[in-house]
Structures are given as C-alpha cells and as structure tokens.
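# Breakdown of the fold
Below are the chains, spelled out letter by letter.
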Amino acid sequence: MTTGETTVGWADGVVLAIDQRALPHEVRWLRISSVDDLIEAIKTLAIRGAPALGVAGAFGVALAARAHRDDTLAVTAAAERIASARPTAVNLAWGVRRALSALLAGADAVLAEAQLMLAEDAEVNRRLSAHTADLVSMLCPDRPLRVLTHCNAGRLAATAVGTALGAVMELHARGKVAEVLVDETRPLLQGARLTTWELAQAGIPHRLTIDSAAAWAMATEQVDCVMVGADRITADGSVANKIGTYSLAIAARRHGIPFVVVAPESTRDLDMATGCDIVVEQRAADEVTHVGGVATAPEQTAAFNPAFDVTPPDLITAIVTENGVVGEANINARQPITRPESVAATSQVLNSD
C-alpha cells in the first residue's frame with residue numbers, strides 16, 4: 001500500500017477496499033460490485049474502522065443507486081441494510097444518510113457525494129492528528145513518548161492518515177515518539193495484525209503486548225500516554241470503542257496517565273444522550289473459542305463476545321476532533337493515585353538497565 005493510496009475507494013463502477021482479513025500476510029484488494037458483497041465485507045471486518053465504514057457505506061449507496069436508477073424505494077431499502085450491518089459504529093449510518101441525501105439528484109450525484117466524503121476524510125484526519133499531537137505534547141512535555149494504543153486507528157481504519165494512530169504518526173514526524181506499545185486486541189487481533197503492520201511500514205519503534213499486560217506496563221512506568229480511536233461518542237462524552245478500551249481507561253486513571261480519544265466530528269452522536277443508550281454489537285462465539293480457525297476451547301463452549309465497550313467521560317482526559325479538543329481536557333483524569341511501594345520498586349528494577 002503506497003503512501004498516497006486510500007484504503008477505500010471507487011474505480012470502474014466498483015468499490016475498492018483493502019481486505020483487512022488478509023493482513024499482515026497479504027495485501028489483497030477487494031472489488032465490490034453489489035450491496036450484498038459490501039455488507040458481507042463490513043460484517044466480516046474486511047472493511048472496518050469508523051471513518052472507513054462511513055465512506056464505504058456512502059459508496060454502497062452509490063452502488064444501489066446505479067443498480068436501481070428509477071427505484072428510490074429500492075435504493076432506500078438497500079441503504080437501510082447497509083446502515084444496520086454494524087450497529088455500534090455511528091459513522092456507517094452517518095455515511096449512508098449523507099449519500100442518500102443526494103439521491104433525488106440522481107445516481108451520479110450520490111457517487112459524487114461519496115467521493116467528496118472520501119476527499120474530506122483525509123483532510124479531517126490530518127487536522128485531528130495535528131491537534132492531538134499538539135495536545136499530547138503539552139500533556140507530556142518532558143521526553144519522547146511511550147504511547148499505548150488499542151485496536152487499530154490508523155489508515156486502515158480510515159481512508160488515509162488515521163485517527164489515534166495518525167496522531168502517533170504526526171508525533172513521530174515531530175521526533176516525539178520513543179516507542180509504541182501495541183495491544184494485540186483480542187479476539188480478532190487488530191492490534192497485532194494491523195497496527196504493527198502500519199507502524200512497521202512507517203518505521204516507528206514498537207512492541208506488541210497481550211491486552212492483559214497493559215495495566216502492568218502502566219504500573220511499571222512504561223507508558224506515558226494512552227491514545228485510542230472511537231466508534232461512537234455520545235452527547236455526554238461517553239466513548240464506544242473496541243472491547244478492552246474501558247479497562248485501559250480505568251488503569252490509566254489509576255496511574256495518572258493521560259487517556260486521549262481521537263475521532264472525527266462525524267463520530268460524535270449528539271442525538272444520543274449517554275453511553276447507556278449505545279447498542280453494543282455482540283459477535284459470534286467462534287471468534288473467542290477459536291484462533292486462526294483452530295479451536296482453543298471445548299466444542300459447544302458458550303462465549304461472551306461484545307465487539308465494543310463504553311468508557312464514561314470521567315475517565316477520559318480529552319476527546320480531540322478535527323476542530324480541536326472537545327470542551328476542556330479533564331484535568332482530574334490526570335491526577336495520579338499513589339502507587340504501591342512494591343510496584344514502584346519493581347518499576348525501578350525493570351528500568352535500571
């Protein structure tokens with residue numbers, strides 16, 4: 001994937017998308033020519049990430065509009081199917097609605113709107129990455145940063161640049177990143193498969209860790225800042241993001257580490273009052289009971305497999321969009337609680353080399 005290449009696009013009447021299921025072993029591109037195939041790609045996470053889903057959803061409406069040029073009801077029905085393919089991420093429905101708003105002007109107008117959204121996404125991501133880099137540099141001014149990330153919030157999750165990982169790239173360009181600690185992000189390993197791949201391409205030092213080691217990394221002073229993306233942000237500042245984000249926020253609060261959420265304005269759902277109203281997608285049990293198609297639990301084992309969790313606003317230091325910091329940074333979220341002497345001693349031993 002070249003620097004100027006978008007991860008979702010349009011050419012010759014089809015949607016083009018990098019197949020994220022094949023990474024990191026193969027860079028494979030999908031050519032999607034039907035709404036059914038697009039929905040399948042979204043549900044199976046071939047296309048994933050809030051901003052990318054928004055653009056892909058818009059191109060899906062363009063596919064429907066071209067297939068049913070004289071049947072607005074058919075296009076509207078197809079659009080509803082696309083929007084409901086994944087219920088938690090608000091960008092998907094947002095992208096579908098925006099493209100559908102151009103339907104009365106014809107199929108070409110729908111496609112033009114989707115292509116405009118694609119162009120806007122890159123600029124939005126560049127702006128929010130710069131704003132986040134400015135904020136994090138202010139919050140952690142002393143030295144090059146050790147950043148912890150979760151899931152994948154880079155170019156693969158958008159169409160270009162990325163959100164939280166885009167901000168890491170911007171910090172790296174400014175010479176302010178010492179290392180990125182990457183959560184593997186169970187059960188589908190978006191951190192291990194996707195984020196490490198993006199960081200390696202960018203030449204940014206990084207280490208991969210199991211999700212359950214993240215809190216200990218904070219306790220042993222190996223993390224200066226946690227940066228994550230978002231799939232929906234409610235009016236009260238609650239954040240839905242990949243499962244495991246909430247526990248990171250709790251651990252960051254415990255250790256006085258800034259916890260920064262990076263997302264475009266389109267991810268903010270101001271019509272939804274609180275995080276309690278967010279519908280959390282539940283996914284298939286075999287994502288938990290199998291790894292790489294190999295069973296890791298007895299047959300017929302039941303599983304609890306929410307794709308997302310919701311982090312309350314009091315645990316979030318700041319939410320940053322292309323317009324800058326939303327409201328004011330939560331200074332209280334950055335006040336450390338006294339660490340146990342045993343943890344401090346362990347940290348000193350680990351950092352003495």
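As the structure is a prediction and not an experimental result, all values here were calculated from the model.

A separate point is the sheet that holds strand 1 (residues 8-11). On the basis of which strands lie adjacent, the open sheet formed by three strands has the order 1-2-3 and antiparallel pairing. The open sheet terminates on both sides in strands that have one partner only, identified here as strand 1 and strand 3 (29-32). Taking the axes of each pair of neighbouring strands and ignoring which way they run, one obtains an average angle of 25 degrees across the sheet. With four bridges connecting them, strand 2 (residues 14-18) and strand 3 associate as antiparallel partners. Bridged to L16 within strand 3 is R31.

Turning our attention to the pairing of strand 2. Along any regular strand the residues' side chains alternate between the sheet's two faces. For strand 2, the tally of buried residues reaches four of five residues, placing the bulk of the element in the interior. Relative to strand 2, strand 1 runs antiparallel, the two sharing four bridges. Counterpart to G9 in the pairing with strand 2 is L16. Count of turn residues in the strand 1/strand 2 antiparallel hairpin: two residues, of which D12 carries a positive phi of about 55 degrees.

Before going further, it helps to spend a moment on the environment of R81. Checked against the element boundaries, R81 lands in helix 3 (residues 72-83). For R81, a relative accessible area of 40% corresponds to the partly exposed category. Between the C-alpha atoms of R81 and A93, which are 12 residues apart in sequence, the distance is 9.9 Å. Discounting residues that sit within four places of it in the chain, R81 has contacts with V35, D36 and I39.

Turning next to the UniProt feature "binding site: substrate" (unreviewed entry) in the protein chain. Per the UniProt entry, the sites bearing "binding site: substrate" (unreviewed entry) are R48, G49, A50, R86, Q190, N241 and K242 in this numbering. Residue classification places Q190 among the buried positions, given a relative accessible area of 2%. Sequence-distant contacts of Q190, defined by excluding residues within four places in its chain, comprise L45, R48, C151, N152, E184, T185, T195 and K242. Among the secondary structure elements, N241 is positioned in strand 9 (residues 239-242).

Turning to the UniProt feature "active site" (unreviewed entry) in the protein chain, a few remarks are in order. When the UniProt feature table is mapped to this numbering, "active site" (unreviewed entry) covers D231. Structurally, D231 can be placed in the loop between strand 7 (225-228) and strand 8 (232-234). Relative accessible area serves as the criterion here: at 10%, D231 is assigned to the buried category. Here D231 is in contact with A50, T88, A89, V90, N91, A240, N241, K242, T267 and F308, once residues within four sequence places are set aside.

Our focus in this paragraph is the side chain of E184. Its location among the elements puts E184 in the loop between strand 5 (177-183) and helix 7 (190-202). Despite its burial, E184 pairs with no opposite charge, the nearest such side chain being R186 at 5.2 Å. Discounting residues that sit within four places of it in the chain, E184 has contacts with L189, Q190, G191, A192, L208, T209, I210 and D211.

What follows covers the side chain of T163. When you line up the elements, T163 lands in the loop between strand 4 (145-149) and helix 6 (164-173). In this structure, T163 is in contact with P51, N125, L128, S129, A153, G229, V262, A263 and P264, ignoring residues within four places of it in sequence.

Our focus in this paragraph is the pattern of salt bridges. Applying the stated rule across the entire model yields 17 salt bridges. Residue D19 is joined to R21 by a salt bridge in which the shortest nitrogen-to-oxygen separation is 2.8 Å. Relative accessible area serves as the criterion here: at 39%, R21 is assigned to the partly exposed category. Between R81 and D36 there is a salt bridge; the shortest N-O distance is 2.5 Å. Here R81, found in helix 3, pairs with D36, found in helix 1 (residues 35-43); they are 45 residues apart in sequence, far enough to count as distant. Three or more residues joined by partner-sharing salt bridges are found here, namely D19, R21, E26 and R28.

Let us look at the packing of helix 6 against helix 7. Helix 7 packs onto helix 6 with a crossing angle of 20 degrees between their chain directions and a minimal axis gap of 12 Å. Put simply, helix 6 runs roughly parallel to helix 7. Handedness of the crossing formed by helix 6 with helix 7: right-handed. In this structure, helix 6 contributes L165, V168, M169 and H172 to the contact, and helix 7 contributes T195, E198, L199 and A202. Counted by class, the contact of helix 6 with helix 7 contains five nonpolar, two polar and one charged residues.

Let us now look at the packing of helix 2 (residues 50-67) against helix 3. Helix 3 packs onto helix 2 with a crossing angle of 155 degrees between their chain directions and a minimal axis gap of 9 Å. Between helix 2 and helix 3, the interaxial angle falls into the category roughly antiparallel. Taken as a pair, helix 2 and helix 3 cross one another with a handedness that is right-handed. Contacts from G57, G60, V61, A64 and A65 in helix 2 reach V75, A78, A79 and I82 in helix 3. Grouping the constituent residues of the contact of helix 2 with helix 3 by class yields seven nonpolar, two polar and no charged.

Rules of the game
- Residues numbered from 1 in each chain as written.
- Predicted model: local features only at pLDDT ≥ 70, side-chain atom pairs only at ≥ 80, totals over all residues.
- Heavy atoms only, no water.
- Pairing = 2+ DSSP bridges.
- Helix = DSSP H or I, 4+ residues; strand = E, 2+ residues; numbered from the N terminus.
- Axes fitted to C-alpha atoms, helices over the stretch in contact; angles between N-to-C directions.
- Buried < 20%, exposed > 50% of the residue type's maximum accessible area, 1.4 Å probe, protein only.
- Contact = heavy atoms within 4.5 Å.
- UniProt positions renumbered as here; feature names shortened; annotations may be inferred.
- Lys, Arg positive; Asp, Glu negative; His and termini not counted.
- Salt bridge = Lys/Arg side-chain N within 4 Å of Asp/Glu carboxyl O.
- Parallel < 35°, antiparallel > 145°, perpendicular 65-115°, else oblique.
- Left-handed = near helix turned anticlockwise from the far one by under 90°.
- Nonpolar A, V, L, I, M, F, W, Y, C, P; charged D, E, K, R; others polar.

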